[in-house]
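In case you want the letters, here they are:
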Amino acid sequence: MENYEKIEKVGEGTYGKVYKARDKNTGRLVALKKTRLEMEEEGVPSTTLREISLLQMLSESNHIVKLLCVEHLEENGKPCLYLVFEYLSTDLKKYMDRIGKGPAHPLPLEIVKSFMYQLLKGVAHMHKHGVMHRDLKPQNLLVDDSTAHPLLKVADLGLGRHFTIPIKAYTHEIVTLWYRAPEVLLGATHYAPAVDIWSIACIFAELARKQAIFPGDSELQQLLHIFKLLGTPSEEVWPGVTKLRDWHEFPQWHGQDLHQVFPRLCPDGIDLMQKMFEYDPAKRITAKDAMRHPYFDDLDKETVDALENEALRDRED
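First, a word on what this report is: a plain description of the structure on this page. Remember, predicted model here, so these are calculated numbers, not experimental data.

Conventions used here
- Residues numbered from 1 in each chain as written.
- Predicted model: local features only at pLDDT ≥ 70, side-chain atom pairs only at ≥ 80, totals over all residues.
- Heavy atoms only, no water.
- Pairing = 2+ DSSP bridges.
- Helix = DSSP H or I, 4+ residues; strand = E, 2+ residues; numbered from the N terminus.
- Expected span 1.5 Å × (residues − 1).
- Buried < 20%, exposed > 50% of the residue type's maximum accessible area, 1.4 Å probe, protein only.
- Salt bridge = Lys/Arg side-chain N within 4 Å of Asp/Glu carboxyl O.
- Core = buried A, V, L, I, M, F, W, Y, C linked by side-chain atoms within 4.5 Å.
- Arc of directions from axis to C-beta.
- Contact = heavy atoms within 4.5 Å.

## Here we look at the sheet that holds strand 8 (residues 151-154)
The antiparallel open sheet is built from three strands, whose spatial order is 6-7-8. Among the strands making up the open sheet, the edge pair consists of strand 6 (90-91) and strand 8. Pairing of strand 6 with strand 7 (residues 141-144) involves two bridges; the strand directions are antiparallel. Across the sheet, residue Thr90 finds its bridge partner in strand 7, namely Val143.

Following this line, the structure appears as structure tokens:
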């Protein structure tokens, strides 16, 4: 660890401390994630090794925060791992708030489209490797705005018991329910990558409106927010919903017209959002199919890809 100069502690989570640091050899900023280890007799637990190798594989995508290396050492006679990640200056929540909070300060629609495409690309890469994030929200999406075209990366991958990838500052915030899929809120025991697509739809809505679309502070209130906007689900639209553990007889609402709720979004944008807000997880659009949606037809994907590679090269130079 003598290769790294710690600059400041940027957070502390369940799994250990997170530091902003500088690599003395290259001068570049990194995020050091210190993880306490429950050691087994034969060394580092195999589950931890599996998750690290998974993180390294996922790092191949330019839209997932890169794990640069892993350092294994002893501190005060106790084994610990330092995971060294690339450092990004801000997250999507701070980026949105920077130009002013709320609908009076909208984001340019081309930025909304670019961020959505980059987010779907990162999540499609995760899903291809069988990994669900399970906690996508603006605070977990890091932004590099040092280039002309902002680059978005997924962080805090919820890979399992051992660690996540927290690069943002940890505050003592309550775990938010705002981006949670209805099947999770209703107590489904098995869920699929579709839970991430629901979260992406909530982020899409927030980018378009500049305010959270379902700001519930309890699981019941969260469901009521969803049902009021999208209509109360039935067995016809979502077979099996009334058999879920936490299903009750809810008030019967009809879905609102999303064109009126999101007047700035084009019809293709509304169509994509509706496909991501599909109640039945089996019918919800996949990340891969969402990337091919007509909403992105006029996005200069080559420029987005070229700029992300350029940003990567700049950091590696």
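## Comments concerning helix 5 (residues 194-209)
The terminal C-alpha atoms of helix 5, which comprises 16 residues, lie 23 Å apart, in line with the 22 Å expected from a rise of 1.5 Å per residue. For helix 5, a buried count of 15 out of 16 residues is recorded, marking the element as mostly surrounded by other parts of the structure. Phi turns positive, to about 65°, at Lys210, one or two residues after helix 5.

## Observations concerning the pattern of salt bridges
For the coordinates displayed, the defined rule picks out 13 salt bridges. With a closest N to O distance of 2.8 Å, Glu86 and Lys153 form a salt bridge. Pair noted here: Glu86 is in strand 5 (residues 78-86) and Lys153 is in strand 8, with a separation of 67 residues, a long-range link. Neither residue differs from the other here; Glu86 and Lys153 are each classed as buried.

## Quick word on the pairing of strand 4 (residues 67-75)
Where strand 4 lies against strand 5, eight bridges are found, and the strand directions are antiparallel. Looking across to strand 5, one finds that Leu67 is bridged to Phe85. Connecting the antiparallel pair strand 4 and strand 5 is a turn made up of two residues, with Asn76 showing a positive phi of about 55°.

## Some points on the nonpolar core
One finds Phe262 and Met276 to be the most contacted residues of the largest nonpolar core, which totals 69 residues. Top contributing element to this core by residue count: helix 5, with eleven residues.

## Looking at helix 6 (residues 219-230)
Helix length check: helix 6, at twelve residues, gives a terminal C-alpha distance of 17 Å against a target of 16 Å (1.5 Å per residue), a fit within 8%. Within helix 6, the full set of buried residues consists of Gln222, Leu223, Ile226, Phe227, Leu229 and Leu230. Angular distribution of buried residues about the axis of helix 6 spans 165°; they occupy a single face of the element. Buried residues along helix 6 sit in contact with helix 4 (182-185), helix 5 and helix 7 (258-261). Positioned one or two residues after helix 6, Gly231 has a phi angle of 95°, which is positive.

## Topic: unusual backbone geometry
Even without being a glycine, Arg134 presents a positive backbone phi close to 75°. Along the polypeptide, Arg134 turns up in the loop between helix 3 (109-128) and strand 7. Owing to a relative accessible area of 44%, Arg134 belongs among the partly exposed residues under this scheme. In this structure, Lys210 is a non-glycine residue whose phi angle is positive, near 65°. Examined against the element boundaries, Lys210 turns out to sit in the loop between helix 5 and helix 6. Judged by relative accessible area, Lys210 falls into the buried class, the value being 6%.

In short, geometric facts, not functional conclusions.
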